[in-house]
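# An overview of the molecular structure
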Amino acid sequence: MTQPVTIIMIEDDEGHARLIERNIRRSGVNNEIIPFGNGTDAMRHLFGADGSGLSQKGNALLILLDLNLPDMSGIDILKQIKENSHLKASPVVVLTTTDDSQEIKRCYELGCNVYITKPVNYENFANAIRQLGLFFSVIQVPPAAT
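Each value, and the rule that gives it
- Residues numbered from 1 in each chain as written.
- Predicted model: local features only at pLDDT ≥ 70, side-chain atom pairs only at ≥ 80, totals over all residues.
- Heavy atoms only, no water.
- Salt bridge = Lys/Arg side-chain N within 4 Å of Asp/Glu carboxyl O.
- Helix = DSSP H or I, 4+ residues; strand = E, 2+ residues; numbered from the N terminus.
- Buried < 20%, exposed > 50% of the residue type's maximum accessible area, 1.4 Å probe, protein only.
- Core = buried A, V, L, I, M, F, W, Y, C linked by side-chain atoms within 4.5 Å.
- Contact = heavy atoms within 4.5 Å.
- Disulfide = S-S within 2.5 Å.
- Pairing = 2+ DSSP bridges.
- Right-handed = clockwise from strand over helix to strand, strands pointing away.

- The name given to the protein in an unreviewed UniProt entry is Two-component response regulator, with the source organism recorded as Bradyrhizobium diazoefficiens SEMIA 5080.

## What about the pattern of salt bridges?
- On inspection of all chains with the given rule, the structure shows eight salt bridges.
- In this structure, glutamate 21 and arginine 25 form a salt bridge, with 3.7 Å as the shortest nitrogen-oxygen distance. On the criterion of helical spacing, the pair formed by glutamate 21 and arginine 25 is a turn pair, its members being four residues apart in helix H1 (residues 14-26).
- What makes glutamate 21 partly exposed here is its relative accessible area of 28%.
- Judged by relative accessible area, arginine 25 falls into the partly exposed class, the value being 27%.

## Topic: the nonpolar core
- Among the nonpolar cores identified, the biggest contains 23 residues, and Ile8, Ile10, Leu46, Ile63, Leu65, Ile81 and Cys107 are the most heavily contacted of them.
- Mapped by element, the contributors of at least two residues to this core are strand E1 (5-10), strand E2 (33-36), helix H2 (39-47), strand E3 (60-65), helix H3 (74-83) and strand E4 (92-96).
- When sequence neighbours within four positions are dropped, the list of residues in contact with isoleucine 81 reads Leu46, Phe47, Ile63, Leu87, Lys88 and Val92.

## Things to note about the state of the cysteines
- Taken as a whole and judged by the stated rule, the model has zero disulfides.
- Here cysteine 107 stays unpaired: no disulfide links it, and the sulfur of cysteine 112, its closest cysteine neighbor, is 5.2 Å away.
- Using a relative accessible area of 0% as the deciding quantity, one classes cysteine 107 as buried.
- Overall, the relative accessible area of 6% leaves cysteine 112 in the buried class.

## Thoughts on the pairing of strand E5 (residues 114-117)
- As paired strands, E4 and E5 are joined by four bridges and run parallel to one another. By the bridge assignment for E5, threonine 96 is matched with threonine 117.
- Taken together, E4, helix H4 (residues 101-110) and E5 form a β-α-β motif whose crossover is right-handed.

And the structure:
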């Protein structure tokens, strides 16, 4: 039996977070979404009290990551996730306003699985997230390693 996938959303803009969740739901995805408004709380959840990531063992996670956070860089979060033996297989979808080609390249080099630039237009943003939700409904996500 496969573990249900939990979506970890790291997004500091409350309006964007609501829009993302609403449109993922509209695409038919009913998985648990755990939102974090900053990197510190998200990292504490992902890596656990001991900082090892072992607390996620067996959990199937999909991480939505904004790069522009108030307390730490999304790039640093991505790097730590992909360097962690327990979390590195978890897909990371970077969802950010930054469309700088160097930053996009760096994210892929660090192991992000998908990089999406948030459209500025509300309707385009909502549509992009609905399409992302459809993508989520068909991908396979491995559980965190032992």
